[in-house]
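Architecture and fold: a report
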Amino acid sequence: MGFLGNLFGSRTPAPDAATLKASGAKVIDVRSRREFQSGHVAGARNIDVSAPDFAQQVKRLNARYTYVVYCQSGGRSSRAAATMKSAGLTVIDGGGIGRMQSSGWGLGA
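Conventions we followed
Residues numbered from 1 in each chain as written. Predicted model: local features only at pLDDT ≥ 70, side-chain atom pairs only at ≥ 80, totals over all residues. Heavy atoms only, no water. Buried < 20%, exposed > 50% of the residue type's maximum accessible area, 1.4 Å probe, protein only. Helix = DSSP H or I, 4+ residues; strand = E, 2+ residues; numbered from the N terminus. Pairing = 2+ DSSP bridges. Core = buried A, V, L, I, M, F, W, Y, C linked by side-chain atoms within 4.5 Å. Contact = heavy atoms within 4.5 Å. Expected span 1.5 Å × (residues − 1). Arc of directions from axis to C-beta. Salt bridge = Lys/Arg side-chain N within 4 Å of Asp/Glu carboxyl O. pLDDT = per-residue confidence, 0-100. Axes fitted to C-alpha atoms, helices over the stretch in contact; angles between N-to-C directions.

A closer look at the pairing of strand β4 (residues 66-71)
Taken across its six residues, β4 has five buried, putting it largely inside the fold. With six bridges connecting them, β4 and strand β5 (residues 90-96) associate as parallel partners. Looking at β5, one finds that Y67 is bridged to V91.

Remarks on the nonpolar core
Counting 15 residues, the largest nonpolar core has I28, V30, F54, V69, M84 and L89 as the members making the most contacts within it. Elements with a contribution of two residues or more to this core: α4 (54-59), β4 and α5 (75-86). In this structure V30 touches I47, D48, V49, F54, V69, Y70, C71, R76, S77 and A80, once residues within four positions along its chain are discounted. By size, the runner-up hydrophobic cluster in this structure holds 12 residues, among which are V27, V41, I97 and W105.

So, the environment of A80
Structurally, A80 is set in helix α5. In this structure the C-alpha to C-alpha distance between A80 and S50, which are 30 residues apart in sequence, comes to 9.1 Å. A80 has contacts with V30, V49 and F54, leaving out every residue within four places of it along the chain.

Remarks on α5
The first and last C-alpha atoms of α5 sit 17 Å apart over 12 residues, in line with the 16 Å expected at 1.5 Å per residue. Inspection of α5 places S77, A80, A81 and M84 among the buried residues, and these make up the whole buried set. When α5 is viewed along its axis, its buried side chains cluster within an angular range of 105° and face the same direction. On its buried side, α5 packs onto β1 (26-29), α4, β4 and β5.

Comments concerning the pattern of salt bridges
Should the charged atoms of two oppositely charged side chains come close, the side chains can pair. Summed over the entire model, instances satisfying the criterion amount to two salt bridges. Among the salt bridges present, the one from D29 reaches R31, with a minimum N-O distance of 2.7 Å. For the residue pair D29 and R31, the accessibility class agrees, reading buried in each case. Residues E35 and R76 are paired through a salt bridge, measuring 2.8 Å at the closest nitrogen-oxygen approach. Placement of the pair is E35 in helix α3 (residues 33-37) and R76 in helix α5, with a sequence separation of 41 residues. Look at E35 and you get partly exposed, because its relative accessible area is 21%.

Concerning the confidence of the model for the protein
On average, residues of the protein score 88 in pLDDT, and 85% of them reach the 70 mark or higher. This stretch, residues 1-11, has a pLDDT under 50; its non-local contacts, to residues over four places away or in other chains, come to five contacts.

Here we look at the sheet that holds strand β3 (residues 45-46)
If you trace the four strands from one edge of the open sheet to the other, you get β3-β1-β4-β5, paired in parallel fashion. Edge positions in the sheet fall to β3 and β5, since each has one partner strand and no second. Of the strands in this sheet, β1, β4 and β5 touch α5, which is tilted by about 150° from β4.

This is the structure:
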């Protein structure tokens, strides 16, 4: 993503929720636990990209799945996706939680 894309966000929509759900993709919320507890995508797992053991947690993920990562606005999800991809995982950067919602990902408790 270029400078303006980083500044204002990408115009490319997040991946279609229905298609990814049907394929068995797993959703990872890379925000802090506090942010996660204030509201998250239904079925998402919380792995804080800022945690000191983030890379270790990523290594424990099953490589047979596709992962969709998101955060609040898209910056942390981009960083997390890069780390996860370098660990050999298939990852889609869903961007921010608002972008995820507009692409059909519902919120859960």
